[in-house]
Amino acid sequence: MDEESGSARNDCEERRTGSDVDMRAGSRGVTTVEVTRSDHLRKEDPELNEILSRPQDVEEVRAKLFDLLFRREQELLSERCAMDDLERANALQCIRVLKNIFSGRSERMTGHSAVATLLSIVRGGGAVEVERRAFFTDISNIAKGSLGRSDICPDEAPSFLAYGGREGARIRSDYLDRLGQRCEEKIGSYRTGLEPEIVEVRKRNRDMILDVLGGTEDDWNDHRWHQRNALLDLDQVSALVDLTEEEAAAIDLAVNHHLPFGITPYYLSLFDPEPSGRWDHAVRAQVIPPLSYVRGVLESRRNGGASLDFMKEGDTSPVDLVTRRYPMIAILKPYNTCAQICVYCQRNWEIGGVSCPDATASDDSIDGALDWFEDHPVVSEVLVTGGDPALLDDDKLSSLLRRLSDIEHIARIRIGTRLPVVLPMRFTDEFVDSIGRFHVPPEKDLCMVTHFEHTYEVTPEAVAAVQKFRMQGIAVYNQQVFTFENSRKFETAALRLLLKQVGVDPYYTFNTKGKTETNWYRVPIARILQERKEEARLLPGLSRTDEPVFNIPALGKNHLRSWQNHDLITISPQGERVYEFHPWEKNITTASTYMYTDVPILDYLLRLRERGEDPEEYRSIWYYF
């Protein structure tokens, strides 16, 4: 590229200074965290700034912007281009995204005009309004990337192939040692529920809980005692653990408005004695709703509650208890509650209170659902979920599994349960033996699918439950929801490694559902893509068998790593990236696309900084689309 349009820098370690950006220094330079002044583009991308500064209408500006992007793309594809290969590849992606963002189609599809918003900011001059900084920061970084100036240069790897043979191999091995050591340092910074010190703390918690509730050690090992003594209101919880003022207010508001809430005594024992949330943040966040969540659900309820069925299961249920989104597998929901309530569960809109007496579906409903499976021979796999079906009586669950196994074309039964995490004492030898009888490979495969969210949930009791299934030859898989509470650098990698060691195979990493009331938990799509590329990729292959997915309401899962399945098409004035998701059936049959509004990357980075993280470590997040 010529000098005017911005050439690639030879030294990606060059540092920037200036009063228009809130910056954080790091070992590899400085990365932009928040762009605060409208003249920022004049220095970073003067040609783009010049177009936006001219007295032209939106359509004239749009045409000039596309001319600029076509010229930049042409330069990157020409034989003259000598840009660093990594920067060049990233620049081409940034140009593709900017074309989407500036397109008239995107404006029509989303109702947002990125061009008009940019014009307003640049022509307004001075400080960027706080509510538009996330937008301007994101656009500025993508524009910088289109010039090959993303500053994402990794540590320089040695040119070991230039040496060849044993000497080159040793140079490469030494470099990989350094890379692995940095990875291990981050993973080691997250505590687990298997550490002797943590085990002892939780034993003391257990003794205190038993003392307050009047239980014995035998009671503690009886899942029925935990179900009877589930903590269902603020008084019960606050009598056993210290809460912050906001936690207490949220619980009280939720219970008083009959929102599902409940915690097992066992899971409560995983809380740290002090409410700092330093180590148990993910545990607390799993069951204690943020105030914003409670208020959001109540607002949705006042508006009719339509948005609460975010996944539109009501529109994909051919008969009672059955949900179907794919050709060869369907969901069966025979039990309508759980041992405790996960705050952001996609089915909170329909499940009853903790262990409510009418949670078990009627015999007629179950018969009708089983008849449906019998009548659909193409469905060879069933996911038994709910609620948590592992709470069914032993005989009831065995009877259900027997009837499913008797259907000739059902080859695999999955049981979806979070009890290994929240109530591991449910898995007695007798219970595991009773359901293990239905694992008869190769004709019938029975497996367990559970939800560990954090290393702090992995306890000796949970490991013992998993091993009982493994001894029966039953595979155990994990589906993790990627939330703010497990999204720090290598935090999810730490969970993958630990789960694989204790006998659980990572299966899915779910992008957090886009329900507005769960914004507190949500993480930008760019972060889950960054995590997969820069952290999971460093782990041994058997520990990163999970796939990052996005669940499209009513349609099903899309693999986030595949650009064929989604496009970033614009950024809202508030900095929310808006994606167009193509259904999983793409290239198989015609189906409508789905528009998804993400949470702003800048907001996420600023929240991380409040938690003590250095945004510099996440510097490449802007370039994951």
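Within each chain, residue numbers correspond to sequence positions counted from 1 in written order. Local features in this predicted model are restricted to residues whose pLDDT is 70 or higher, and side-chain atom pairs enter the listing and the counts only when it is 80 or higher, whereas totals over whole chains, interfaces and linings include all residues. In computing side-chain properties, one takes all heavy atoms of the structure into account and sets aside hydrogens as well as water.

K.L.:
What is the right way to look at empty space enclosed by the protein in this model?
P.N.:
By rolling a water-sized probe across the atoms, one finds the places where empty space is left. Points on a 1 Å grid over protein atoms alone make up a cavity when a 1.4 Å probe fits among them but cannot get out, and a pocket when they form an open set with protein on both sides within 12 Å along at least five of seven lines; lining residues each have an atom within 4 Å of a point. Grid points are joined across faces, edges and corners, and a volume is the space filled by probe spheres set on the points. Tallying each qualifying case throughout the model produces 6 cavities of 30 Å³ or more. One number sums up the size of the largest cavity: a volume of about 60 Å³. Throughout, the ten residues Ala, Val, Leu, Ile, Met, Phe, Trp, Tyr, Cys and Pro are labelled nonpolar, Asp, Glu, Lys and Arg are labelled charged, and all others, Gly among them, are labelled polar. Here the residues of the lining of the largest cavity are counted per class, giving 5 nonpolar, 4 polar and 2 charged.

K.L.:
Would you take a moment to explain the sheet that holds strand 14 (residues 594-597) for this structure?
P.N.:
Strand-to-strand pairing in sheets goes through backbone hydrogen bonds, with the strands running parallel or antiparallel. Reading across from one edge, 12-13-14 is the order of the 3 strands in this open sheet, with antiparallel pairing throughout. Across the chains shown, the open sheet's two edge strands, defined by having one partner strand only, are strand 12 (566-571) and strand 14. With direction set aside, neighbouring strand axes in the sheet form an average angle of 25°. Two strands qualify as a pair provided that DSSP identifies no fewer than 2 bridges between them. Only DSSP runs of H or I reaching four residues or more are called helices, and only runs of E reaching two or more are called strands; each is numbered from the N terminus. Direction of pairing for strand 12 relative to strand 13 (residues 577-581): antiparallel, over a ladder of 5 bridges. Only the stretch in contact is used when fitting a helix axis, every axis being a line fitted to C-alpha atoms; angles between N-to-C directions are given from 0 to 180 degrees.

K.L.:
How should I be thinking about the sheet that holds strand 6 (residues 412-416) in this particular structure?
P.N.:
With mixed pairing, 9 strands are arranged side by side in an open sheet as 3-4-5-6-7-8-9-10-11. On the outer flanks of this sheet lie strand 3 (322-323) and strand 11 (556-559), each paired with one strand and no other. Two elements, strand 5 (residues 381-386) and strand 6, share 4 bridges in a ladder whose sense is parallel. Residue pairing for strand 6: Val-382 is matched across the bridge by Ile-413.

K.L.:
How should the layout of surface pockets be read in this particular structure?
P.N.:
Taken as a whole, the second largest pocket holds about 1100 Å³ of empty space. In terms of lining, the second largest pocket is formed by 49 residues, of which the most central are Gln-346, Arg-347, His-451, Gln-479 and Phe-510. Elements represented by at least two residues in the lining of the second largest pocket include exactly strand 4 (329-335), strand 5, strand 6, helix 19 (419-422), strand 8 (475-482), strand 9 (505-511) and strand 11. Looking at the lining of the second largest pocket residue by residue, the class counts come to 20 nonpolar, 19 polar and 10 charged.

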